Amino acid sequence: MAHGRWKWYLTRQRLRAPRTWPLPLTLLGTGLLLSWVFPLIDREVAYVEEEFSERFFPHLDSGSMATLLSAVAGGMITLTGLVFTAITMAMQFGASQLSVRVVPILQQDLVMRWAVGTFMTTFIYALMISVRLAVSQEDYRPVLSMLFAILLAVASAVLFFALVARVTTVLNSGQLLRILADEGSRSVDRTHPGGEHTGPSEEPARTDAEPEVIPLGTPPGRGQVLIACDGPGLERLARRTGARIRLIPVTGDFVAREAPLFVVRPGTRPLKRRELMRHLLFDTTYSAATDPAGALRAFVDIALKALSPSINDPGRAVQCLDHIEDLLVRIAPRLAARPSVGTTAAFQHRSRSWTDYVCIATDEIRHFGSSSMQVQRRLRALYATVAEVCTPEQIDPLRSRLETMDADVAADWPRDLDRRLAGLPDSQGLGTAAGDTQDGRGRRIEA
């Protein structure tokens, strides 16, 4: 039981989107504290610093140091303003050209938060030291304070280069898709772990009590989108109390205030909303890190944006299909090995089927990319590749979609050459005229 609680705690920490302001605010407070600590140290070792400064900086007095620190402070506040403007423009460009999912990636990025915090820390530290020297007219040389300000300026320069590299990476469509693919792979491992087979759930004690519908009520502070559920924890709770619990929304659903959240058939005692809610995690967005469907949804969003008339970039849609294929190949065998949950289980939660994943991953791209031969050929290759790892029961959703694509080709492409090309699978979309039929990858999905 302790292991299950610890696993749920780690899941909550992993999926919760970090807030943007705590780290920069902590660094800013640290800068204010150090602007008070370093002058104290300078006073205590003034006699050592006097010899050091006269030896290496003979012409640098307190006034010159105050001027230098003021220059550092002015430069850092200017740099912070330029970086803020650049990041805002990058978010606007990414949201309009790639996907709105670029914005939270940049907002929550650790490099960005460290960079902004360090820029402002350097500014406030240098400003406070220079003000202290100007107002108090200290009779010592603040060598350590000045050297630490220079060290912060160097760190800020390094973080500036790191921030530029990070923003460039996120705005690169290939790198962005790779980031989303890594998150999707981790979500597959977390939600559909391979090699784990759980036995049948114990049937709780029967009760004649009427089922109780428990709504969401007051929305959680972080949002109303369900992003995770502690299924083992709710099952333990149901067994312990002899209740039967059914969670209504599926992961990714937006839950309204009065929408039904749980249907509970009480056991030995009634269950309170609070003890049920602690096993759920809500947020504002359904991200690629949440579960495989969230990752597939992210790729589909980017592909649809690329296929829009204003952008018209089918090559980027093909890149998305590459990663969608990889995720489906990973998901199919794990769903085939997943044990079924009986209707008498203590806890029930509607989960996505293999057909649901195929629908999420390909249907919108299939409709929106029907006029793109490149997308159609790549999509056929995707179905053929995924079919190789599917069980016979999992083939039907792929076969039905290929049959629909065949009918669309006959209706949408009047020329014989276009019909033949559009009907061939090709792992690159338009890699070869013969598609993948020569190496066997593009063979038909047989009944």
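Here goes a summary of the coordinates provided. On a predicted model such as this, the values are computed, not experimentally measured, just so you know.

## What to know about the pattern of salt bridges
Tallied over the full model, the rule gives 19 salt bridges. Close ionic contact of Asp189 with Arg330 constitutes a salt bridge, the shortest N to O distance being 2.9 Å. You can see Asp189 sitting in helix 8 (residues 173–191) and its partner Arg330 sitting in helix 12 (residues 314–336), a full 141 residues away along the chain. Since its relative accessible area comes to 26%, Arg330 is described here as partly exposed. One salt bridge connects Arg350 with Asp253, and the closest N-O pair in it is separated by 4.0 Å. Taken as a pair, Arg350 in the loop between strand 6 (347–349) and helix 13 (354–368) and Asp253 in the loop between strand 3 (244–247) and strand 4 (260–265) lie far apart in primary sequence, 97 residues in all.

## Let's talk about unusual backbone geometry
Phi at Asn312 takes a positive value of approximately 55 degrees, unusual for a residue other than glycine. Looking at the element boundaries, Asn312 is found in the loop between helix 11 (292–307) and helix 12. Under the relative-accessibility criterion, Asn312 is labelled exposed at 57%.

## Quick notes on the packing of aromatic side chains
For the structure shown, the criterion picks out 4 aromatic pairs. The interplanar angle of 25 degrees and the centroid separation of 4.6 Å between the aromatic rings of Phe38 and Phe148 together place this pair among those described as stacked. Of the two residues, Phe38 is situated in helix 2 (residues 22–44) and Phe148 in helix 7 (residues 143–171); the sequence distance between them amounts to 110 residues. Like Phe38, the residue Phe148 is buried in the burial classification. What links up through ring pairs into an aromatic cluster is the set Phe38, Tyr125 and Phe148.

## A few points about the packing of helix 8 against helix 12
Orientation of helix 8 relative to helix 12, taken along the N-to-C sense of each, is 10 degrees, at an axis distance of 10 Å. Judged by the inter-axis angle, helix 8 sits roughly parallel to helix 12. On helix 12, the residues that touch Ser173, Gly174, Leu177, Arg178, Ala181, Gly184, Ser185, Val188 and Asp189 of helix 8 are Arg316, Gln319, Cys320, His323, Leu327, Arg330, Ile331 and Arg334. Across the contact of helix 8 with helix 12, the residue classes tally to 6 nonpolar, 6 polar and 5 charged.

Calculation notes
- Residues numbered from 1 in each chain as written.
- Predicted model: local features only at pLDDT ≥ 70, side-chain atom pairs only at ≥ 80, totals over all residues.
- Heavy atoms only, no water.
- Salt bridge = Lys/Arg side-chain N within 4 Å of Asp/Glu carboxyl O.
- Helix = DSSP H or I, 4+ residues; strand = E, 2+ residues; numbered from the N terminus.
- Buried < 20%, exposed > 50% of the residue type's maximum accessible area, 1.4 Å probe, protein only.
- Phe/Tyr/Trp six-rings, centres within 6.5 Å; stacked < 30°, edge-to-face > 60°.
- Axes fitted to C-alpha atoms, helices over the stretch in contact; angles between N-to-C directions.
- Parallel < 35°, antiparallel > 145°, perpendicular 65-115°, else oblique.
- Contact = heavy atoms within 4.5 Å.
- Nonpolar A, V, L, I, M, F, W, Y, C, P; charged D, E, K, R; others polar.

By themselves, these figures tell us nothing about what the structure is for.
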